[in-house]
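# Chains, contacts and geometry: an overview
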Amino acid sequence: MTDDQTFRPEARAPKGFGDRRASDLAAERAIIDAVSKVYERYGFEALSTSAFEYADALGKFLPDSERPNAGVFALQDDDEQWMALRYDLTAPLARFAAENWQTLPKPFRRYAFGTVWRNEKVGPGRFREFTQCDADTVGSARPEADAEIIAMAAEGLAAAGLNPGQAVLKINSRKLLDGLMAAQGVGSDVQKLIVLRALDKFDRLGWEGVRLLLGEGRLDESGDFTKGAGLKGAAIDAIKAFMDTASAERPRGDMLNALANLSLGALGEEGLSDLAAIDAALKSMGVSEGAAKLDPSVVRGLEYYTGAVFEAELLLSTTDEKGQQVRFGSIGGGGRYDGLVARFTGEAVPATGFSFGVSRLASALRAAGREQAALRGPVVIIAFDNEAMPDYFAVAAELRAAGIPAEVYLGTSGMRPQMKYADRRLSPCAVIIGEDERAAGTVTLKDLDLGRALAEGVKDSETWRAERPGQQTLPRTQLVAAVRAILDAGK
RNA sequence: GCCGCCUUAGCUCAGUUGGUUAGAGCGCUAGAUUGUGGAUCUAGAGGUCCUCGGUUCGAGCCCGAGAGGUGGUACCA
């Protein structure tokens, strides 16, 4: 089976499904731990649900037999039921809450983190498999529930390592936009959707692009035409007045006052009073104006949002390998969805929540040049000769028992490659026990950190070798203490 | 999905008007150094020039189709 006919698969990960090395994992884990702690401090309990859900539980985007994989990764179970990998953590929560509603303490407050999957085009900071970290309150319609979610999100951003000014939470209410559209006679759902999509593109296209999308439509640089909402001039003018107000920078209270001058109808009034209550709660929780702003131009694509919506935007500037600016967009979002649980129970259950894009945040922090602490390798015990292998493993066990990561080199190479290996693993030190040491009952310890520090100044190989910097031979009984001294010096 | 650009060694890329055996840097392996990381020097391994078809005496180079990648756009629960 070794002839030319043998099939050899290409070794490659599927597009959008990147492997994560130790440093990536450490970065993501640090974010998850930090954010989870914040959620727990606010009284949210942990919940884990499974990766698969029955497709109908995932909402209106359930796959049909013609396009079973549009947006999600789906498959049919033995009983022909469609199952799909979850695309977020909110839909599974709604299913869980509906399934266990009778027995849950209400309002039900839970947080969750886990992998989600989306079958869509990949981009920078945009994967088909990624990690989210969510917190939601199910069963409270109070604006304070929204405010608390916002406060946690702001604290979470800080806990994840973003300093003030590096990220901001933008808050809006769907009711404002709905009220505005109703007042301007935007009636049909299709038209509303087009208007919302257009407004969502404001930061990218500017008003000129948005205006075209509200009217007849827009031809983009690639020659593709996007059909517009077909609104009349007066309606477009009213929307522009709203956007002008919305995109001006000002404190939350001032923004509310400015919006009160626009005619947003009864629904808009309701939205404004929600936002006022949220603002008041944020103030009493000590959430600063810089950390959370009112931005009535925030839309969020999700159709299921019914009230307040939130979006976390990264303000750090990020560049790719070629030094070009990269837009990461939002690194988290959420809002109030009062209809999601009712899909299952028929009973209206108000809910609100926020989701951190952990993978995107980690990848953005990396792109922003945020250095991660280099991961230390283990102490490497040089495998010098075969007879002594039991000795080497005894040394490894001794170090491990003392809580020091250690390993015996398991390859068959000579000493030089072993030292290279230890260097590449960022090992703090190597343990050398050859014939001389064995005869004398000693060990030789080579401080690799010290060598790394000195190596830059050394130009001549002979003296470098002769000096053997950082190397010491000592009685074997002193091994653990000496290794620990090297580790402590490296801290 | 639509539009543009790209595809040559593990990585980044060069490759003349179409002309014999396709190159460089980095990386990798080995040696100089029988028991020692860096630098240097020496040697070595590594290629269906994305695929298929066409034009030509002759294609990495020209033409066509396809695949993959990438950027924009659309969609994004």
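Each value, and the rule that gives it
Residues numbered from 1 in each chain as written. Chains lettered and ligands numbered in written order. Predicted model: local features only at pLDDT ≥ 70, side-chain atom pairs only at ≥ 80, totals over all residues. Heavy atoms only, no water. pLDDT = per-residue confidence, 0-100. Helix = DSSP H or I, 4+ residues; strand = E, 2+ residues; numbered from the N terminus. Contact = heavy atoms within 4.5 Å. Phe/Tyr/Trp six-rings, centres within 6.5 Å; stacked < 30°, edge-to-face > 60°. Pairing = 2+ DSSP bridges. Axes fitted to C-alpha atoms, helices over the stretch in contact; angles between N-to-C directions. Domains from an automatic or database assignment.

The next point concerns the confidence of the model for chain A. A residue-level look at chain A finds 89% of positions with pLDDT of 70 or above and a mean pLDDT of 87. Mean pLDDT across the elements of chain A bottoms out in strand β13 (residues 325-326) (60) and peaks in strand β1 (residues 45-46) (97). Every residue in residues 1-5 scores below 50 in pLDDT, and together they form one contact with partners more than four places removed in sequence or on other chains. The complex prediction reports pTM at 0.87, with the ipTM value standing at 0.80.

Going through the model one piece at a time under the given rule, you end up with seven aromatic pairs. With a centroid separation of 5.7 Å and an interplanar angle of 65°, the aromatic rings of Tyr 304 and Tyr 337 are classed as edge-to-face. Linking Tyr 304 in the loop between β10 (292-294) and β11 (308-314) with Tyr 337 in the loop between β14 (330-336) and α10 (342-345), this pair joins segments that are 33 residues apart in sequence. The structure contains a cluster of three or more aromatic residues connected by ring pairs, namely Tyr 304, Tyr 305 and Tyr 337.

One open sheet holds the three strands; their spatial order is β2-β4-β3, and the pairing between them is antiparallel. The open sheet terminates on both sides in strands that have one partner only, identified here as β2 (52-54) and β3 (74-76). Neighbour to neighbour, the strand axes of the sheet diverge by 30° on average, direction disregarded. Looking at chain direction, β2 and strand β4 (residues 82-85) are connected through three bridges and run antiparallel. Pairing of Tyr 54 across the sheet is with Met 83, part of β4.

Here the domain parsing of chain A yields domain 1 (22-204 + 230-367) and domain 2 (379-489). Using only C-alpha atoms to locate each centre, domain 1 and domain 2 end up separated by 52 Å.

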